[in-house]
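The residues making up each chain are set out below.
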Amino acid sequence: MKAIKVEKTASKGIVMGKAFLVKKPELIINTGLIQEEEITRELNRYEAAVAKATNELMELAKTNSIFGAHLEMVKDIALYDSVTRKIKDKYNAEAALEEAAAEFISIFEAMDDDYMRERAADIKDIRYRLLCNLNGIDLNPFDSIKEPVVLIAEDLTPTDTAGLDLRYILGFITRDGGVTSHVSIMAKGLGIPALVGVKDILKETENGDFIILDAGRGDIIINPEEEAIARYTALRKEYEKRQLELAELNNFPAETKDGRRVHLCANVGNVKDIKNAVNYNIDGIGLFRSEFLYMENTHFPTEEEQFLVYQEAAKLCGSELTIRTLDIGGDKALSYYEFDKEENPFLGWRAIRISLELKPMFKTQLRAILRASAFGQIRVMFPMIISVEELRTAKAIMEECKAELRSENIAFDENLQVGMMIETPASVMMAEDFAKEVDFFSIGTNDLTQYMLAVDRGNKRIAPMYNSFHPSVLRSIKRVIKAGHDDKTGHDGKNSHEKIKVGMCGEFASEERAVKILLGLGLDEFSMSAAEIPNVKNIIRNTSYEEAVQLSEKVCEMSTLEEVYELLGI
Ligand code: PEP
Ligand code: MG
């Protein structure tokens, strides 16, 4: 029996089961020239790779139309001819495929038509599949999971989790990642217990080991003794009972003992998450991370594709749906778009910076959101804003889209609310100015903490320094809420409203030890993974606003983390 203790929880819950270790295939391709007598062998290797890919894609196409398009391409005679011709010119199969695919990719990329240009990404996917097949590499290491397991991996990307059969996943443990990195956010969204950034997990475990994962306590027990199994079985029962009790709060409002009502909303990444979130009787969706729609695709989603998703999302949500425009870059990549390698990707080309530069792509998204706004209460939100100029440019592009839709007689909500994430120190310092320009703020503490403290949110080496209770982060939150609430300027330039609503969609909104402070600082909306909602609601319903105000005032006077913790009894 071995035990590992982890300090921070990514997603709570207790599970037990067999370990399944995933090692992602490393694709090292041996390209080169061959002798005359090797031509037939290389042709046969390529034929076999194509036949295998065809079978795989036929299976995948049954549930996902993207793979139907890949199937057509893999069978395409022009690609096949080009590769086999090169093999006959004495290229080995890998080199022939690389050359032929590169030619096709450059042809597609040079086309005027958006749809055709995006086909280049399909060729890249097919090339990868064929190269894996040529080298006997298992393209989807998760395919062989056929029973419930605790998944152990270096890291899990959104694409990985999209390809997982979640019926078999009891929990995740990853070597990399931090509690606000995307693997954690995904685990919470899926309601799967998870611990991340567990440095030695791949060294300490083997396939088939029996694992107890108590993510809430940060415990991993490898090959436990009977006593430990019995103890954690009892803890699991207790945990499940508590969850059932909390679920009874679903029908009650998020209101303090002395009557302060706040909004409790969900963070989601797709329509499936919304279907789950509405079961919690939410006050709305405070963050729809639209980038997942881009990441789980093989091309930039078209206006129509996006419109259909946003429309369905708005209808399902039934209350306010906040769609954040594309927040890509940093640790979020696209398989079909090559980002230049950057020294500091989190300080690089990401989020609104990309949207403003790739204007046609941005307009496609804004038009889709606007069109969907005719079918529900949609709000739009811009990520990672650092300047008033940026915000104004984004809003001007949105006005352009509105004008186009008007001239095309396409309906949209003329009063659609526009907001911004507060997740950079610049936006905190300028909050009073920004408040004059938007309808709402949403504080993104995941990024705000990393930028305020200059501590990478995914770097496990400095993970203990990443802490949203740091006085600078708490004071930033205070300042932003005050700026929002003091502002009276409407878009007409007159004093036409009371205040602008300030929400929080970073993970800190569901940090149980922070809820009282946030409440006391006046936060209007708490947005989090749906599974966290009952717990936070329970805290709010058992707190008095007056007490919370007093506590938050004191907390914001503290100079050190230690003093903050002491005051909070942590
Ligand atoms: C945040 O930064 O707090 C946030 C909600 O955005 P993301 O986690 O998607 O970067
Ligand atoms: Mg962010």
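Keep in mind the model is a prediction, meaning the values are calculated, not measured. (Residues numbered from 1 in each chain as written. Chains lettered and ligands numbered in written order. Predicted model: local features only at pLDDT ≥ 70, side-chain atom pairs only at ≥ 80, totals over all residues. Heavy atoms only, no water.)

(A) Seen up close, the pairing of strand 2 (residues 14-22). Most of strand 2 is tucked away: 8 of the 9 residues are buried. Looking at chain direction, strand 2 and strand 6 (residues 210-214) are connected through 5 bridges and run antiparallel. Bridging across to strand 6, Met16 finds its partner in Ile212. Both strand 2 and strand 3 (residues 149-153) contribute to a ladder of 5 bridges, which runs parallel. Bridge assignment links Leu21 to a residue of strand 3, and that residue is Ile152. (Buried < 20%, exposed > 50% of the residue type's maximum accessible area, 1.4 Å probe, protein only. Helix = DSSP H or I, 4+ residues; strand = E, 2+ residues; numbered from the N terminus. Pairing = 2+ DSSP bridges.)

(B) Seen up close, the coordination of the magnesium ion (ligand 2). Within the protein, Glu423 (OE) and Asp447 (OD) serve as the donor atoms for the magnesium ion (ligand 2), at 2.0 to 2.2 Å. Placement of Glu423 in the loop between strand 12 (417-422) and helix 16 (425-429) and of Asp447 in helix 18 (residues 445-453) is noted, with a sequence separation of 24 residues between them. (Donors = N, O, S within 2.8 Å, 3.2 Å for Na, K, Ca; no water.)

(C) Quick peek at the sheet that holds strand 9 (residues 284-289). Taken in spatial order, the 8 strands close into a barrel running 8-9-10-11-12-13-14-15, and their pairing is parallel. For this sheet the average axis-to-axis angle between neighbouring strands, irrespective of direction, equals 25°. The sheet contact formed by strand 8 (residues 263-268) and strand 9 spans 3 bridges and is parallel. Along strand 9, the bridge assignment pairs Val268 with Phe288. Strands strand 9, strand 10 (320-324) and strand 11 (378-382) of the sheet are contacted by helix 12 (residues 303-317), whose axis makes an angle of about 150° with strand 10. Running at roughly 160° to strand 8, helix 21 (residues 533-541) makes contact with strand 8 and strand 15 (525-528) of the sheet. (Axes fitted to C-alpha atoms, helices over the stretch in contact; angles between N-to-C directions. Contact = heavy atoms within 4.5 Å.)

(D) Spotlight on the packing of aromatic side chains. Applying the stated criterion across every chain yields a total of 12 aromatic pairs. With 5.1 Å between their ring centres and 85° between their planes, Phe300 and Tyr336 make a pair best called edge-to-face. Residue Phe300 is found in the loop between helix 11 (291-295) and helix 12, and its partner Tyr336 is found in the loop between strand 10 and helix 13 (352-357); the two are separated by 36 residues along the sequence. Of the two residues examined, Phe300 and Tyr336, each falls in the buried class. Here the aromatic rings of Phe469 and Tyr565 are separated by 5.7 Å at their centres, their planes lie at 80°, and the arrangement is edge-to-face. Of the two residues, Phe469 sits in the loop between helix 18 and helix 19 (471-486) while Tyr565 sits in helix 23 (residues 561-568), which places them 96 residues apart along the sequence. Overall, Tyr565 belongs to the partly exposed group, its relative accessible area being 23%. One cation-aromatic arrangement involves Arg371 over Phe307; the distance from NZ or CZ to the ring centre is 4.1 Å. (Phe/Tyr/Trp six-rings, centres within 6.5 Å; stacked < 30°, edge-to-face > 60°. Lys NZ or Arg CZ within 6 Å of the ring centre and 35° of its normal.)

(E) Representation of the site of ligand 1 in the model. Taken together, 17 residues are adjacent to ligand 1, and Arg289, Arg324, Gly444, Asn446 and Arg457 come closest. In the model, an oxygen atom of ligand 1 is placed 2.7 Å from a nitrogen or oxygen of the Arg324 side chain. Within the backbone of Thr445, one N or O atom sits 3.2 Å away from an oxygen atom of ligand 1. Burial of ligand 1 by the protein amounts to 100% of the accessible area it has alone, namely 290 Å². Judged by the proximity of its atoms to the pocket grid, ligand 1 belongs to the largest cavity. Elements that contribute at least two residues to the shell around ligand 1 include exactly helix 7 (182-190), strand 9 and helix 18. With 3 residues, the single largest contributor to the shell around ligand 1 is helix 18. Tallied by class, the residues present in the shell around ligand 1 amount to 4 nonpolar, 5 polar and 8 charged. (Near = heavy atom within 4 Å. Polar contact = N/O pair within 3.5 Å; in protein donor to acceptor, adjacent residues only side chain to side chain. Areas by Shrake-Rupley, 256 points an atom, 1.4 Å probe, with all protein chains shown as cover. 1 Å grid on protein atoms, 1.4 Å probe; cavity = no way out; pocket = protein on both sides within 12 Å on 5 of 7 lines; lining within 4 Å. Sits in = over half its atoms within 2 Å of the grid points. Nonpolar A, V, L, I, M, F, W, Y, C, P; charged D, E, K, R; others polar.)

(F) Looking closely at the pattern of salt bridges. Taken as a whole and judged by the stated rule, the model has 55 salt bridges. As a salt-bridge pair, Glu98 and Arg127 come within 3.7 Å of each other at their nearest N and O atoms. A residue pair is termed long-range when its members are at least 10 positions apart, and Glu98 in helix 4 (residues 93-109) and Arg127 in helix 5 (residues 114-134) qualify at 29 residues. Ionic contacts of the salt-bridge type, sharing partners, join the residues Glu303, Glu304, Lys359, Lys363, Arg367, Arg371, Glu400, Glu404 and Glu408 into one network. (Salt bridge = Lys/Arg side-chain N within 4 Å of Asp/Glu carboxyl O.)

(G) Quick peek at the side chain of Lys332. Summarising the element assignment, Lys332 is placed in the loop between strand 10 and helix 13. Accessibility expressed as a relative area gives 4% for Lys332, which makes it buried. A polar contact is formed between the side chain of Lys332 and the side chain of Glu291, at a distance of 2.8 Å.

(H) Up close: the sheet that holds strand 2. Pairing is mixed across the open sheet formed by 7 strands, whose spatial order is 1-7-6-2-3-4-5. Lying at the two open borders of the sheet, with one neighbouring strand each, are strand 1 (2-5) and strand 5 (194-195). Two strands pair when backbone bridges link them, and strand 6 and strand 7 (residues 219-222) are joined in this way by 4 bridges, in the antiparallel orientation. When the bridges of strand 7 are listed, Ile211 appears paired with Ile222.

(I) Focus on the domain arrangement of the protein. Each assigned domain of the protein is listed with its residue range as follows: domain 1 (2-24 + 141-225), domain 2 (36-135) and domain 3 (258-568). At the junction of the two partners, domain 2 supplies 8 residues and domain 3 supplies 8 residues. Buried surface at the junction of domain 2 and domain 3, both sides included, amounts to about 600 Å², of which 52% is carbon and sulfur. The tally of links from domain 2 across to domain 3 stands at 1 salt bridge. One can count 0 residue pairs in polar contact (both at pLDDT 80 or more) joining domain 2 with domain 3. Where the side of domain 2 that touches domain 3 is concerned, the elements lending two or more residues are helix 2 (65-75) and helix 5. The biggest single contributor to the side of domain 2 that touches domain 3 is helix 5, with 6 residues. (Domains from an automatic or database assignment. Buried area = accessible area lost by both parts, 1.4 Å probe.)

(J) Region of interest: unusual backbone geometry. If you check the backbone angles, Met384 has positive phi at about 60° while not being a glycine. Within the secondary structure, Met384 sits in the loop between strand 11 and helix 15 (388-407).

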